[in-house]
Amino acid sequence: MGAVRGPDRQEKWRTRNRPANKPAIDNTNPGGDAVSVLVTAGARTGIEIRGLSISGNDNATEVTSAGAFQVEGLIGENRIAGSGAEGIDLNPGSSGAFVVSLSSNVFSTTSATGNAIDLTAVAAAGDVEVAIDANTDVTSSAGDAIHLDNSSGGGTLFVTSFAGNTVHGNTAGAGIFMNAVTFDGDPADADFTGDQVA
């Protein structure tokens, strides 16, 4: 039998990657995150948290930086099944670059009791770049669906892409909250020409 090609191959991929078929990470320990990336002892680039069903007693997924260490990664194609705090918690706290893409994550409509997607920069943080695209049913039962706050950040928070997201009506707080952010598709281009955000 030959290799599977075309639509048949695509359907097999979809079947393997439906939410019910995703490998599960569930941390029920008090205060426990399901997936935690602490960037406190060296740069971490090429991070991928992808294709999982994730549930944590505290945060489902957390990425935190400190010192001068760089962060670059992707959180995509996951099911955020539940969390006692944030669904995806991003904490830029280093003077190094913090570049993260959140793409095609699906949220349980009762998933987060804190903010479903939370990015809060602190004074020690340098520039932050985040792309948030095609996330579905972003929901919080007590907080905001998408919460981006750079009011205390030391650098600029760039939103480089923001397209195709859906916020569920069960969200208790704001659907989308943004404070002190800059929309710029290419932060390296200082004059903004041609830098349209998707």
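Residues numbered from 1 in each chain as written. Predicted model: local features only at pLDDT ≥ 70, side-chain atom pairs only at ≥ 80, totals over all residues. Heavy atoms only, no water.

S.K.: So what exactly am I meant to see when it comes to the side chain of S108 here?
M.R.: Mapped onto the elements of the fold, S108 is located in the loop between β10 (106-107) and β11 (117-120). According to the relative accessible area criterion, S108 is buried, its value standing at 12%. Setting aside chain neighbours within four positions, we find S108 in contact with R79, I80, A81 and T139. (Helix = DSSP H or I, 4+ residues; strand = E, 2+ residues; numbered from the N terminus. Buried < 20%, exposed > 50% of the residue type's maximum accessible area, 1.4 Å probe, protein only. Contact = heavy atoms within 4.5 Å.)

S.K.: Is there a simple way to explain the sheet that holds strand β1 (residues 24-27) in this structure?
M.R.: Strands in a sheet are paired, the pairing made by backbone hydrogen bonds, and the direction either parallel or antiparallel. The strand order β1-β4-β7-β10 describes an open sheet built from 4 strands, whose pairing is parallel. In the strand order of this sheet, the two ends are held by β1 and β10, each with one partner. Relative to strand β4 (residues 53-56), β1 runs parallel, the two sharing 4 bridges. Along β4, the bridge assignment pairs I25 with I54. (Pairing = 2+ DSSP bridges.)

S.K.: I would appreciate a short explanation of the nonpolar core in the present structure.
M.R.: Generally speaking, nonpolar side chains in soluble globular proteins are found buried as a group. Counting 33 residues, the largest nonpolar core has I49, I54, L90, L102 and I132 as its most contacted members. If sequence neighbours within four positions are ignored, I49 has contacts with V35, V37, I54, T61, L74, I75, G76 and N78. (Core = buried A, V, L, I, M, F, W, Y, C linked by side-chain atoms within 4.5 Å.)

S.K.: Teacher, can you tell me more about the environment of T109 here?
M.R.: As for its placement among the helices and strands, T109 is situated in the loop between β10 and β11. Judged by its relative accessible area of 30%, T109 falls in the partly exposed class. On a C-alpha basis, the gap between T109 and N170 in space is 7.1 Å, while along the polypeptide they are 61 residues apart.

Interpretation note: all reported values are geometric properties and have no functional meaning in isolation.
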